[in-house]
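Architecture at a glance
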Amino acid sequence: SDLNGKTPPLAASSTMLLPNRLYADAYHKITESARQSSSSVLVFAADDVDSVAACRIFVQMLQTDHIPYEVHPVRGYGDIRAAIGQQPDQDEVRSVVMSNCGGTENVRELLAMRDSERTVYIVDSHRPY
């Protein structure tokens, strides 16, 4: 349910499950954050068919909107940790999108998040419920 029919706000520091009708709002928040802070979007995509297809569509949208991005294909959480360790300046990333990964992990620890200005969007068909 979505808060008894009320639309939940898209707050950077909150954790929430977004209903399908709010996906466009989330995408708008990702692009606005990138434009306002001159930052890129970090995308982690699992190596399954659904994730690869979703990532391709998402990247095409970012390209159309002239949003810089970086894509990392991942097979496990070790790949995510390694990619985060190679990020020269994590302050340049305000939005992280995780496709079919991250649904069962503490992403704050996994992504070594030390600030609350980064928002993580998890799109995971393997969700744990």
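Residues numbered from 1 in each chain as written. Predicted model: local features only at pLDDT ≥ 70, side-chain atom pairs only at ≥ 80, totals over all residues. Heavy atoms only, no water.

**A short note on the overall build of the protein**
For the record, the criterion: Each helix corresponds to a stretch of at least 4 residues labelled H or I by DSSP, and each strand to a stretch of at least 2 residues labelled E; elements are numbered beginning at the N terminus. Classification of residues uses two cut-offs on accessible area relative to the type maximum, computed with a 1.4 Å probe and protein chains only: under 20% is buried, over 50% is exposed, and between them is partly exposed. The method behind every accessible area is Shrake-Rupley, applied with a 1.4 Å probe, and residues are considered shielded solely by the protein chains displayed.
Looking only at helices and strands, one finds four helices and four strands in the protein. Going residue by residue from the N terminus, the α and β elements of the protein occur as α-β-α-β-α-β-α-β. Burial analysis of the protein (129 residues in total) assigns 38% to the buried set. For the protein, the computed accessible surface area is about 7,800 Å², with 52% contributed by carbon and sulfur atoms.

**Quick word on the sheet that holds strand β4 (residues 119–123)**
The line we're drawing: For two strands to count as paired, DSSP must find a minimum of two bridges between them. With axes taken as lines fitted to C-alpha atoms, and helix axes fitted only over the stretch in contact, angles between N-to-C directions fall between 0 and 180 degrees. We call two residues in contact whenever any of their non-hydrogen atoms come within 4.5 Å of each other.
The sheet built from four strands is open, its strands ordered β2-β1-β3-β4 with parallel pairing. In this open sheet, the two strands that pair with only one neighbour each are β2 (69–74) and β4. Strand-to-strand twist across the sheet, computed as the mean angle between neighbouring axes with direction ignored, equals 15°. Note: strand β1 (residues 40–46) against strand β3 (residues 93–99), six bridges, orientation parallel. Bridging from a neighbouring strand, F44 pairs with M98 of β3. Packing against the sheet, helix α1 (residues 23–37) makes contact with β1, β3 and β4, and its axis sits at approximately 145° to β3. Strands in contact with helix α2 (residues 49–64) are β1, β2 and β3; relative to β1, the strand with the most contacts, it is inclined by about 165°.

**Examining α1**
Let me state the cut-off plainly: Between the first and last residue of a helix there are one fewer steps than residues, each counted as 1.5 Å, and that sum is the expected span. Working note: the arc is built from the helix axis to C-beta atom directions.
Given a rise of 1.5 Å per residue, 15 residues ought to cover 21 Å, and the 21 Å separating the end C-alpha atoms of α1 matches this to within 8%. For α1, the complete set of buried residues consists of A26, Y27, I30, T31, S33 and A34. Along α1, the residues classed as buried sweep out an arc of 155° about the axis, all on the same side. In this structure, α1 carries A24 and Q36 as exposed residues pointing more than 90 degrees from its buried face. Immediately downstream of α1, the backbone of S38 shows phi near 50°, a positive value.

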